[in-house]
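Survey of secondary and tertiary structure
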Amino acid sequence: MLTATKSKISPGRLLINNEWHDGTKHFDTVNPATGEVLTQIVEASAEDVDRAVQAARSAFEDRSGPWRKVSASERGRLIWKLADVVDKNIDELAELETLDNGKPIFESRYVDIPMVADVLRYYAGLATKIHGETVNTNETAFTYTLREPVGVVGMIVPWNFPLLLASWKLGPALAFGNTVVLKPAEQTPLSTLRFGELAVEAGLPAGVLNIVTGGAATGEAIVHHPGVDKIAFTGSTAVGKEIMRSAAESMKRVTLELGGKSPNIVCADSDLDSAIKGAITGIFYGKGEVCNAGSRLFIESKVRDEFTEKLVGRAKKMQPADPLDPKTRMGAIVSQQQMQTVLGYIEAGKKEGARLVAGGNRVSVDGSKGFFIEPTIFSDVTNEMKIAQEEIFGPVLSVIGFDNVEHAVDQANHNPYGLAAAVWTRDIKKAHHISRQLRAGTVWINTYGLMDAALPFGGYKQSGFGRELGAYAVEHYTELKSVWLNMA
C-alpha cells in the first residue's frame, strides 16, 4: 500500500508581515500518487497580494525599520540560520515535497532539499562580498559606484522543484537587501509554506518574506502591482512571454528561466555505459518534469542500435512506484492535467511515425488512482517531429541518430530552446569543440544534470534570459549607482 504521511497536514494560509492569514476562497492540493486531497490552500485575491506588497514595501523603505538596520553580515547570518533550520527539518520538508509533487523521496531527501541549504549558505557568504568601485575620471572629482538592492521582488516559481527553485531566488534577493513576495505553484505549495513558518521562527524580520498562494490570477496581481520592482519567474515560455508584456507597463526588471528541449549528444568513442546512465538520469530524474531534461538523445549511428537496446533495458526496469518508498526512482506525474498532456504527446509521437520501444502507458501503483506513466522511449525520431521540438515535461525520450558531429550540432541547435545540452566523448578536444558550438546556457561533458550553487544557470533563445545561482545573480538583484563628488 502507498505509505501514509507521518503527520497531519494543516490547511495552507498566507504569510504577510510575519502573520498567517486566511482567505475567502480556497483550493485543493492533491497527492499525485493517490489522487486524494492533502489539504486546502488559500487562494490569494488581488487585495491579499496588495497587502503582501505593502508589507514588503514598508520593510524595504522604512528607514527606521528592521531591514534597513540589518548589516550585510547580519543578513548573511540570518540566511545561514535559515539553511540550518532547513537541515534540521529536512525530513519533513522532503516528505511534503514528495507528497505534493509525486517525486521519489530519494530525490527530495538526498538531492533537492539539501541543495536548498547549500544555496542559502552560498548567498549567506556572498552577502558581505558586494562591492562598488572607485573610478578615475579627473583630478577635481571623486567618483565611485554603489550596489544597492532593487527593492520589492515578486517571485513566481513552478511545481517541479518547489522549494529548490524558490531558494535560487530567495538567496540572492535577501542577501543583497531586497524584500520578497513569493508565489509557489498552486500544485505544490506545501514545502514553501512550511519554509515560511521556519523563516519566521528563525527571526527573519516582518515583511521581508511574504508568501501568497493561488493560481494564475494571483501571479498576474503580483506582475501588475506597481509596488513590485522586479519579477523573477521560472516556468513555461508561453507564460514568460506574458510576464514580459505585462511588466513592460511599469518597466519592471524581469529575469526568466523558461522551457527547454535539451540535446544529449553521444559519440561512438564515448564510455557507452556511463553515457547510458547519464541518458537515463537526464530524462527520467524528476519524472522528466525538468526544464533541462535531456529529452533529445542524439546517438552516433554506428552505436545507435547497441546503445538503444541497453537504454531500453534499463528503462523497463525503472517502473513507477510509491514515491515515499526510498527504493523508488520513478514517481507520479504532478497532476492529472499534466499526465494527460504527456499522454497526448506520446500519441502524437506514434502518429508521426516514431517507433515506441519502451513504455508509453499510464499505470496503476498498488491500485491507487495516482498519475503514473511508464518511462517512455521513442526511436526512429526525426528532429522535425513534434515530440522532438516541443517541451513535453514528462518521462518521454526521443532518440535521433546522426552520422557526423557537425550534423548533430546543427540539429541540436535547430530548436527554439537553448537551456542545456550535453556531449559524451573520450576526445577532450572534440568535447570542447562541440561545447563551443552548442547554443545553450549549460553544457555538460561526460555527465548530465550536475548543479552547484556557485555555477550560473540560465538559457539562450526562448529558454529565457538572466542567470540564477553564482555571483552573477548580483546583476539581477541590485541596482548600480554612480556617484560624482565635485572637489573643484
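In the block above lies the structure referred to throughout.
The rules behind each value
Residues numbered from 1 in each chain as written. Predicted model: local features only at pLDDT ≥ 70, side-chain atom pairs only at ≥ 80, totals over all residues. Heavy atoms only, no water. Helix = DSSP H or I, 4+ residues; strand = E, 2+ residues; numbered from the N terminus. Rg over C-alpha atoms; globule rule 2.2 N^0.38 Å. Buried < 20%, exposed > 50% of the residue type's maximum accessible area, 1.4 Å probe, protein only. Contact = heavy atoms within 4.5 Å. Lys, Arg positive; Asp, Glu negative; His and termini not counted. Charge placed at Lys NZ, Arg CZ, Asp CG, Glu CD. Pairing = 2+ DSSP bridges. Axes fitted to C-alpha atoms, helices over the stretch in contact; angles between N-to-C directions. Phe/Tyr/Trp six-rings, centres within 6.5 Å; stacked < 30°, edge-to-face > 60°. Lys NZ or Arg CZ within 6 Å of the ring centre and 35° of its normal. Core = buried A, V, L, I, M, F, W, Y, C linked by side-chain atoms within 4.5 Å. Parallel < 35°, antiparallel > 145°, perpendicular 65-115°, else oblique. Left-handed = near helix turned anticlockwise from the far one by under 90°. Nonpolar A, V, L, I, M, F, W, Y, C, P; charged D, E, K, R; others polar. Salt bridge = Lys/Arg side-chain N within 4 Å of Asp/Glu carboxyl O. Patch = residues over 30% accessible without salt bridge, like charges linked within 9 Å, V, L, I, M, F, W, Y side chains within 5 Å. Areas by Shrake-Rupley, 256 points an atom, 1.4 Å probe, with all protein chains shown as cover.

1. Here's the deal with the overall build of the chain
- Each helix and strand in the chain was counted, giving 16 helices and 24 strands.
- In terms of overall size, the chain behaves like a compact globule, its C-alpha atoms giving a radius of gyration of 23 Å where 488 residues would be expected to give roughly 23 Å.
- Looking at the chain as a whole, 59% of its 488 residues qualify as buried.
- In the chain, 74% of the contacts between residues at least 6 apart in sequence involve partners at least 24 apart.
- In the chain, the 52 positive side-chain charges and the 58 negative ones have mean positions that sit 2 Å from each other.

2. Here we look at the sheet that holds strand 13 (residues 296-300)
- If you walk across this open sheet you meet the 7 strands as 14-17-18-13-12-20-21, and the pairing is mixed. Because the sheet does not close on itself, it has two edges, and the strands there are strand 14 (355-358) and strand 21 (442-445). Adjacent strand axes in the sheet meet at a mean angle of 25 degrees when their direction is disregarded.
- Examined bridge by bridge, strand 17 (residues 376-379) and strand 18 (residues 396-402) share 3 bridges and lie parallel to one another. In the sheet register, threonine 376 faces strand 18, and the bridge partner there is valine 396.
- Helix 11 (residues 301-317) contacts strand 12 (263-266), strand 13, strand 14, strand 17 and strand 18 of the sheet and is inclined by roughly 135 degrees relative to strand 13.

3. Describing the packing of aromatic side chains
- Enumeration according to the criterion identifies 8 aromatic pairs in this entry.
- Centre to centre, the rings of tyrosine 122 and tyrosine 123 are 5.0 Å apart; their planes meet at 90 degrees, and the pair counts as edge-to-face.
- Accessibility expressed as a relative area gives 0% for tyrosine 123, which makes it buried.
- Here the aromatic rings of tryptophan 444 and tyrosine 448 are separated by 4.7 Å at their centres, their planes lie at 40 degrees, and the arrangement is tilted.
- By relative accessible area, which is 6% here, tryptophan 444 ends up buried.
- Counting every residue linked through ring pairs, the aromatic cluster contains Tyr122, Tyr123 and Phe176.
- When the ring centre of phenylalanine 106 is taken as reference, the NZ or CZ atom of arginine 329 above it lies at 3.8 Å.

4. Quick look at the nonpolar core
- Ranked by internal contacts, the top residues of the largest apolar core, which has 99 residues, are Met155, Leu182, Leu209, Leu297, Phe307, Leu311 and Ile377.
- Here this core takes 10 residues from helix 5 (residues 105-126), the largest share from any one element.
- Judged by nonpolar contacts, the second largest core, of 30 residues, contains Tyr345, Phe402, Val409 and Val423.

5. A look at the pairing of strand 13
- The buried count for strand 13 comes to 5 of 5 residues, which makes it a mostly enclosed element.
- A two-sided burial pattern is seen for strand 13, the buried positions comprising Arg296, Phe298 and Glu300 on one face and Leu297 and Ile299 on the other.
- Sheet topology places strand 12 next to strand 13; 4 bridges connect them, and they run parallel. Across the sheet, isoleucine 265 pairs through a bridge with phenylalanine 298, a residue of strand 13.
- Where strand 13 meets strand 18, 5 bridges bridge the pair, whose relative direction is parallel. The residue bridging glutamate 300 from the neighbouring strand is phenylalanine 402, located in strand 18.

6. Some remarks on the packing of helix 3 (residues 72-88) against helix 6 (residues 162-175)
- The interhelical angle for the contact between helix 3 and helix 6, taken along N-to-C directions, is 155 degrees, at an axis separation of 9 Å. With respect to each other, helix 3 and helix 6 are oriented roughly antiparallel. For the pair helix 3 and helix 6, contact is made by Arg75, Ile79 and Leu82 and by Gly171, Leu174 and Ala175, respectively.

7. Let's talk about the sheet that holds strand 5 (residues 134-135)
- Taken in spatial order, the 3 strands of this open sheet run 5-6-24, and their pairing is antiparallel. Of all the strands in the sheet, just strand 5 and strand 24 (478-486) have a single pairing partner and so form its edges.
- The pairing of strand 5 with strand 6 (residues 141-149) spans 2 bridges and is classified as antiparallel. Bridge assignment links valine 135 to a residue of strand 6, and that residue is threonine 143.

8. Regarding the packing of helix 3 against helix 5
- Put simply, helix 3 and helix 5 touch, their axes get as near as 8 Å, and they point 165 degrees apart. Overall, the two elements helix 3 and helix 5 adopt an arrangement that is roughly antiparallel. Crossing geometry of helix 3 relative to helix 5 is assigned as left-handed. Contacts from Gly76, Ile79, Trp80, Leu82, Ala83, Asp84, Val86 and Asp87 of helix 3 reach helix 5 at Ile113, Val116, Ala117, Leu120, Arg121 and Ala124.
- Here the contact of helix 3 with helix 5 is built from residues that sort into 10 nonpolar, 1 polar and 3 charged.

9. Here we look at the pattern of salt bridges
- Evaluated as defined, the whole model comprises 22 salt bridges.
- Put simply, aspartate 229 and arginine 57 hold a salt bridge, and the shortest N to O gap is 2.9 Å. Of the two residues, aspartate 229 sits in the loop between helix 8 (216-224) and strand 10 (230-234) while arginine 57 sits in helix 1 (residues 46-61), which places them 172 residues apart along the sequence.
- Under the relative-accessibility criterion, arginine 57 is labelled buried at 15%.

10. Points about a nonpolar patch on the surface
- A cluster of nonpolar side chains, namely Phe106, Tyr110 and Val111, defines an oily patch on the protein surface of about 290 Å² accessible area.
- Locating valine 111 in the fold gives a position in helix 5.

Note that every value here comes from positions in space, so none of it alone points to a role or purpose.
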